[in-house]
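Remarks on the overall topology
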Amino acid sequence: MAGATRDTGGVSSLSYSASVVVASSPAALYDLVSDVTRTGEWSPVCKACWWDDGAGPRVGAWFTGRNEIPGRTWETRSQVVAAEPGREFAWLVGGAWVRWGYTLTPVDGGTRLTESWDFLPAGIARFGERYGADAQAQIADRSEAARTGIPATLAAIKKAAESA
């Protein structure tokens, strides 16, 4: 599935995923990746996240993330859409634009952790409205950030989990 695209009326819906085996149990690794307040420890773009008051890693909960790249800082609101301890944790940026998530699969020696990113049709439409003629370039930038950021994020999570 890595690098998969599908046609959505002339604009591609973009997806990317990568995996790493972590010497940790699915339950312990789930606790780590579902704690969005730790995201800044391993993401090359998302430098901090915080839950809405009283929220936590459960379906329907909202959190805010602060993203930073050279010359630009912005915040996004995300809603948790999957929270299955030891199996999957995922959220939708803007409630509909981009789906990020982790799946956890037990394997010999620990857990296969897969991070996935899917730029959804609603997100592509939003970028069209927001960026106009520059939308495709902006989407390409976000796609490249996912393709390079996911392996870096997984490596950092592996290091954090295995040194705990």
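The structure we're discussing is the one just above.
**Notes on the nonpolar core**
Judged by nonpolar contacts, the single largest core of 36 residues is most densely connected at Leu29, Leu113, Trp117, Phe119 and Ile157. For this core, the secondary-structure elements that each account for two or more residues are strand S2 (11-22), helix H1 (26-33), strand S3 (46-51), strand S6 (88-93), strand S7 (98-107), strand S8 (110-119), helix H2 (121-131) and helix H3 (135-162). No other element matches H3, which puts seven residues into this core. Apart from residues no more than four positions distant in its own chain, Leu29 is found in contact with Val22, Ser24, Leu104, Thr111, Leu113, Ile157 and Ala161.

**Thoughts on the side chain of Ser24**
Inspection of the secondary structure puts Ser24 in the loop between S2 and H1. Judged by relative accessible area, which is 15%, Ser24 ranks as buried. Those residues within four positions of Ser24 in sequence are excluded, and the remaining contacts are Leu29, Gly109, Gly110, Thr111 and Ala161.

**With respect to the packing of aromatic side chains**
With the rule as written, the count across this model stands at nine aromatic pairs. Both rings, one in Phe63 and one in Trp91, keep their centres 5.9 Å apart while their planes meet at 70°; by these two values the pair is edge-to-face. A residue pair is termed long-range when its members are at least 10 positions apart, and Phe63 in strand S4 (residues 62-69) and Trp91 in strand S6 qualify at 28 residues. Assigned by exposure class, Phe63 and Trp91 land together as buried. When the centroid spacing of 6.0 Å and the interplanar angle of 45° are considered together, the rings of Trp91 and Tyr102 count as tilted. Taken together, the residues span a long stretch of sequence, with Trp91 in strand S6 and Tyr102 in strand S7 at a distance of 11 residues. Summarising the burial analysis for this pair, Trp91 and Tyr102 share the class buried.

**Remarks on the state of the cysteines**
Taken as a whole and assessed by the stated rule, the structure comprises zero disulfides. Cysteine Cys46 is unpaired, with the sulfur of Cys49 as its nearest cysteine sulfur at 3.4 Å.

Reading guide: rules and limits
- Residues numbered from 1 in each chain as written.
- Predicted model: local features only at pLDDT ≥ 70, side-chain atom pairs only at ≥ 80, totals over all residues.
- Heavy atoms only, no water.
- Core = buried A, V, L, I, M, F, W, Y, C linked by side-chain atoms within 4.5 Å.
- Buried < 20%, exposed > 50% of the residue type's maximum accessible area, 1.4 Å probe, protein only.
- Helix = DSSP H or I, 4+ residues; strand = E, 2+ residues; numbered from the N terminus.
- Contact = heavy atoms within 4.5 Å.
- Phe/Tyr/Trp six-rings, centres within 6.5 Å; stacked < 30°, edge-to-face > 60°.
- Disulfide = S-S within 2.5 Å.

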